[in-house]
Every structure is written in C-alpha cells, then in structure tokens.
Amino acid sequence: MADHASLKHRDAVVPQAWAPPVQHSKGFTMDQIELFERLGVALAAGLLVGLERGWRTREDADSARAAGLRTFGLSGLLGGICGALGVATHPIVLAAGLLAFTAAVGAFIVLQARTDHNFSATGLVAAILTFALGAYAVVGAPAVAIAAAVAMTILLALRDQLHGIIRGVTWLELRAVLTLLAMTFLLLPILPDRTIDPWGAINPSEVWLLAILIAAVSFVGYVLVRMSGSGVGIGLASITGGLTSSTATTIALARMTRTSAPSTILLAGGVLLAGSTMMFRIVAIVFFVRPELAARLLPALAVGGLVSAVAGASMIFGREQARQEGARTNFGLKNPFELGTALKLAALIAIIGLFAQVVALRVGDSGVFGVAALSGLVDVDAVTLSFARMSHASLALDSAALAILVAVTTNTLSKTVMAALLGGRAFGVLVALVNAATLAAMYAAYWLLPFSVALSAAAPAAG
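A few points on the structure.

Calculation criteria
- The residue numbering used here restarts from 1 in each chain and proceeds along that chain's sequence as written.
- Note on the predicted model: pLDDT of at least 70 is required for a residue's local features to be given, and 80 or more for side-chain atom pairs to be given and counted; whole-chain, interface and lining totals, by contrast, use all residues.
- Heavy atoms from the whole structure form the basis of all side-chain values; hydrogens and water molecules are not counted.
- Going along the chain from the N terminus, every DSSP run of H or I of four or more residues is numbered as a helix, and every run of E of two or more is numbered as a strand.
- Relative accessibility decides the category of a residue: with a 1.4 Å probe and only protein chains considered, values under 20% of the type maximum give buried, values over 50% give exposed, and everything between is partly exposed.
- Contacts are assigned to residue pairs with any non-hydrogen atoms lying within 4.5 Å of each other.
- Where accessible areas are quoted, they stem from the Shrake-Rupley method and a 1.4 Å probe; at the residue level, only the protein chains shown are allowed to cover.
- Side-chain rings of Phe, Tyr and Trp, where Trp is taken by its six-membered ring, are said to pair if the distance between their centres is within 6.5 Å; with planes under 30 degrees apart they count as stacked, over 60 as edge-to-face, and otherwise as tilted.
- Simply put, an axis is a line fit to the C-alpha atoms, just over the touching stretch for a helix, and the angle between two N-to-C directions goes from 0 to 180 degrees.
- For classification purposes, angles smaller than 35 degrees are called roughly parallel, those larger than 145 roughly antiparallel, those between 65 and 115 roughly perpendicular, and all remaining angles oblique.
- Charged means Asp, Glu, Lys or Arg here, nonpolar means Ala, Val, Leu, Ile, Met, Phe, Trp, Tyr, Cys or Pro, and polar covers whatever is left, Gly included.
- Using a 1 Å grid laid over the protein atoms alone, points where a 1.4 Å probe fits but cannot get out form a cavity; open sets with protein on both sides within 12 Å along at least 5 of 7 lines form a pocket; any residue with an atom within 4 Å of a point counts as lining.
- Grid points are joined across faces, edges and corners, and a volume is the space filled by probe spheres set on the points.
- Distance thresholds for patches are 9 Å for like charges and 5 Å for nonpolar side chains (Val, Leu, Ile, Met, Phe, Trp, Tyr), applied to residues having over 30% relative accessible area and no salt bridge.
- Salt bridge, as used here, is a side-chain nitrogen of Lys or Arg placed within 4 Å of a carboxyl oxygen of Asp or Glu.
- Helix span, expected: 1.5 Å multiplied by one less than the number of residues in the helix.
- It is the directions from the helix axis to the C-beta atoms that the arc portrays.

Quick notes on the overall build of the chain
Piece 1. Across its full length, the chain carries 20 helices and 0 strands.
Piece 2. Taking all 463 residues of the chain together, 44% fall into the buried category.
Piece 3. Long-range pairs, those at least 24 residues apart, make up 75% of the contacts in the chain with a sequence separation of at least 6.
Piece 4. Element-wise, carbon and sulfur atoms account for 70% of the exposed surface of the chain, whose accessible area totals about 23700 Å².

Here's the deal with the packing of aromatic side chains
Piece 1. Across all of its chains, the model carries 3 aromatic pairs by this definition.
Piece 2. Taking the centre distance of 4.9 Å and the plane angle of 20° together, the rings of F101 and F131 count as stacked. Here F101, found in helix α4 (residues 91-116), pairs with F131, found in helix α5 (residues 122-139); they are 30 residues apart in sequence, far enough to count as distant. As far as the burial class goes, F101 and F131 line up, both buried.
Piece 3. For the ring pair F287 and F288, a centre distance of 6.0 Å and an interplane angle of 80° mean the geometry is edge-to-face.

Remarks on the packing of helix α11 (residues 246-256) against helix α12 (residues 264-289)
A pair of packed helices is captured by two measures, namely the crossing angle of their axes and the spacing between those axes.
Piece 1. Relative to each other, α11 and α12 sit at 180°, their axes nearing to 9 Å. Judged on the interaxial angle alone, α12 and α11 are roughly antiparallel. Together, S246, T249, T250, L253 and M256 of α11 and L267, G270, V271, A274, G275, M278 and R281 of α12 make up the contact between the two elements.
Piece 2. Split by residue class, the contact of α11 with α12 holds 6 nonpolar, 5 polar and 1 charged.

Description of the environment of V380
Piece 1. Here V380 shows up in helix α17 (residues 380-390).
Piece 2. V380 gets classed as buried once you look at its relative accessible area, which sits at 5%.

Quick look at empty space enclosed by the protein
Unfilled space is identified by rolling a water-sized probe across the atoms.
Piece 1. For the structure shown, the criterion picks out 1 cavity of 30 Å³ or more.
Piece 2. Empty space within the largest cavity amounts to approximately 90 Å³.
Piece 3. Of all the secondary structure elements, the ones that give two or more residues to the lining of the largest cavity are α12, α18 (397-423) and α19 (425-446).
Piece 4. The leading source of residues in the lining of the largest cavity is α12, at 6 residues.

Remarks on a nonpolar patch on the surface
Piece 1. A cluster of nonpolar side chains, V169, W171, L172, L174, V177, L178, L181 and F185, forms an exposed patch at the surface whose accessible area comes to about 760 Å².
Piece 2. Its location among the elements puts L172 in helix α8 (residues 171-190).
Piece 3. Of the residues examined, L172 reaches a relative accessible area of 46% and is grouped as partly exposed.

Observations regarding helix α6 (residues 142-157)
Residues lying three or four places apart along an α-helix face the same way, a consequence of the helix completing one turn every 3.6 residues.
Piece 1. Under the 1.5 Å per step criterion, the end-to-end length of α6 is 22 Å for 16 residues, consistent within 8% with the ideal 22 Å.
Piece 2. Burial in α6 covers these residues: A145, A149, M152, T153 and L156. Considered in projection along α6, the buried side chains sweep an arc of 100° and stay on one side of the axis. Exposed positions of α6 whose direction lies more than 90 degrees from the buried face are A143 and L155.

This is the structure we're talking about:
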C-alpha cells in the first residue's frame with residue numbers, strides 16, 4: 001500500500017513528459033527525446049542570459065571577466081540536470097542543488113565585489129534565476145521558461161535606460177503611480193458593485209473604474225509630454241496636451257499670443273490639434289465601456305477630428321518657428337493622478353450620471369441633451385462616460401451618441417470663446433472658423449446613418 005501511495009503521489013506531481021517509455025524508431029525512447037529537448041531549452045535560456053552578461057563585459061581582459069556566456073549557459077544546463085535528477089529520484093535533490101549553487105555563486109560574487117568594490121546583487125539574482133529557469137524547463141513548461149529568460153535578458157540589457165528613468169522620476173510622479181495602484185488594486189475591489197440610489201444610476205465600483213480610466217488616458221499624455229523633452233514642437237506639444245486636457249492647452253496657447261503676436265497662426269494650429277486629439281480620445285475611452293457606442297461615434301468624431309487636424313497641421317507643418325516656440329511652451333498641466341483630482345472626477349461622473357438618469361426617467365431621452373450641453377461646458381470626459389454607461393440600460397444608443405456629440409459641441413464652443421477672449425480677435429477668428437467647419441463636418445458624418453449603423457452593428461460581432 002505504501003508503494004502504491006508513493007506511486008500515486010508521483011503521478012500527481014510528475015509532468016506528462018515522464019510517461020512510461022515508448023520505443024522510438026532510432027533506438028531512443030520518447031521520454032529520452034523529451035528530456036533532450038527540455039535540456040536544450042534549459043541550455044538555451046542560460047546562453048541567452050549569458051549573451052547579455054558577456055556582451056556587457058566584452059571589453060574586459062579575460063582574467064577580469066565575471067560570469068558570462070559559458071557560465072550562464074552551464075548554469076541553465078545545471079538547473080535542468082538537477083531538475084531531471086529530482087524527477088527521477090526525489091525533489092529534495094533539486095532543492096539541494098539550488099542551495100549549493102546559490103552558496104557557490106554567492107561566495108564568488110562576494111569575493112568579486114571586494115576586489116572590484118562594486119557591490120551589486122543583480123549578478124547573483126540573475127544566476128539563481130537562470131538555474132531555476134533551467135530546472136523549470138525540465139519539470140515544468142519549457143515555453144514559459146524561455147519566455148521568462150527573454151524577459152530577464154531584456155531587463156538586464158536595459159539597465160542604463162531603466163536607471164535613467166528612475167533618476168528622472170520626481171516624487172510627485174512616483175506618488176502618482178502609487179496612487180494609481182492603490183486606486184486600482186486596493187480601493188476598487190472593496191467598493192460595492194451595485195447601484196446604491198433609488199434611480200439605479202450610481203454604481204460606486206463602475207464610477208471609480210471610469211475615473212481610473214480617464215486618469216490613465218490623461219497620464220499617458222502626461223508621460224508623453226515628459227518624454228518629448230524641451231525641444232518639442234508646437235504640433236507634438238498640442239497633441240500630447242490634447243491627450244491630457246484640450247481646455248488647458250487652449251488657454252496656454254491663447255495666452256502665448258500676448259507675448260508672441262507673430263506666432264498667431266502657429267498657436268491657433270496648436271489649439272486645433274489639441275481639439276482634434278480630444279475627439280479621438282473620446283472614441284478610445286468610450287470603446288472600453290461600450291464598443292457599440294464607440295462604433296456609432298467613430299464616423300462623426302473621426303471626420304470632425306480629421307478636419308481640425310488637417311487645418312491645424314497646415315498652420316504648423318514645416319515651420320522652424322514651431323519647433324522654437326514649442327521649446328518654450330509650458331502648458332502647466334498637473335499630474336492627473338493626484339488623489340484629490342481622482343476624487344473630484346469620480347464625484348463629477350456620479351453627479352452627472354445621477355442627474356442624467358433622473359432627467360431621462362422624468363422627461364425621456366430628449367431631456368439628456370440639455371444635461372449634455374451644460375455638462376460639456378465643465379468636463380467632456382465625465383459626461384461622455386456617464387452616457388456611455390447609461391446606454392447599457394436606460395438610454396438608447398442613438399440618444400447616447402447624439403448627447404455625447406452635443407457635449408463635444410458645447411465644449412468646443414467654450415474653447416472657441418476662451419481663444420477669442422484670451423488670444424485676441426485674429427486668433428479667435430482663426431480658431432472659430434475651423435471649429436465651425438469641424439462641427440459641421442462632425443454632424444454631417446453622424447447623419448450618414450447607413451455607414452454609422454453598419455459600424456454599430458458590426459461592433460458586437462467583432463467583439
């Protein structure tokens with residue numbers, strides 16, 4: 001009975017590769033061929049890591065080189081052999097091999113660090129992980145082992161770039177990332193995933209998830225602005241500014257006309273590019289909440305966005321002055337992952353959603369257009385997501401799409417007024433003319449019902 005139980009336990013833990021041997025036509029058994037293949041993966045994983053390690057020290061003298069291509073290749077193969085021995089005898093063999101390998105490599109790393117005065121744990125961790133991946137290639141899934149080896153090699157090769165990123169990150173940005181992680185993995189799971197009001201409009205989990213979604217899209221724009229550097233041109237700065245806040249971008253560019261009157265055309269082009277980016281951003285955000293609604297909006301917002309983008313690019317394209325002005329542009333955009341900002345955004349989404357739901361129940365779908373017009377003056381993202389969520393149940397798809405376009409319209413008109421008041425008559429006229437053409441093209445495309453409805457119908461099938 002004891003032998004039977006032991007065999008039963010081994011069957012539960014031993015991979016499929018260790019089935020009873022089947023004779024191969026060339027004299028090998030199938031389990032031996034499988035073992036050779038897995039050991040080959042273990043060796044390949046080690047060689048891959050060793051290639052990066054050896055390349056980094058390729059200029060050193062032979063006597064001064066640390067572990068490189070051969071050492072890491074042998075480490076992966078050693079892990080594979082220990083894994084095979086553990087399967088054939090007892091798993092403690094693999095554990096003992098790992099401990100002995102760690103002790104030997106650890107002692108070598110300590111001696112090398114004392115000699116070179118270079119104390120780093122990366123080499124030790126890389127060697128241990130190479131051994132472990134070699135073992136896993138034999139006792140586990142070879143594809144996972146080689147994928148992990150590739151990931152490790154990439155991390156090792158990007159040492160300088162990753163260190164440069166860390167040096168460039170400010171405390172506010174690090175706090176923003178931690179806030180995002182807390183919002184997503186700590187707060188979101190404990191929020192109730194059900195409506196809590198009599199009208200069925202406020203679902204705390206959904207509202208919070210929408211706030212995270214908007215902040216994430218804005219954070220992408222913030223990162224692009226940081227990565228673009230001080231030499232960024234008006235065009236790129238306007239596009240990345242539109243990802244974060246087209247309203248803030250419009251205000252910043254309009255104010256610049258006071259000190260740089262000859263740049264009126266360039267700055268007006270930047271406002272138009274930011275507005276175009278806002279339209280494409282709306283489609284991307286809605287897609288994550290309601291793909292069918294995004295398909296219904298795509299023709300209108302794409303056409304309107306292209307009109308604005310072409311006009312803006314034509315005002316900027318090929319002008320050296322655009323690059324010079326872009327180097328001095330500071331939109332004053334704040335990090336979008338401040339907790340206070342996230343809370344205000346979530347509250348705004350909840351308020352607009354509740355107001356729109358009550359109006360829809362009392363007045364009907366037509367009542368939400370007034371809500372959309374007023375809300376678009378404040379924040380187009382919040383009203384967009386509120387209507388996208390309502391379109392799942394209480395709001396017709398076409399009504400939700402048209403309400404979002406109304407919000408885009410009032411938001412665009414408000415930015416046009418800001419441009420005229422802050423940037424002067426010439427600046428305001430340029431922006432107003434193109435924005436009028438943009439809105440006209442947007443609504444013309446929306447009313448091409450066969451094209452739009454076909455896209456909406458295809459969205460669920462594609463999903």
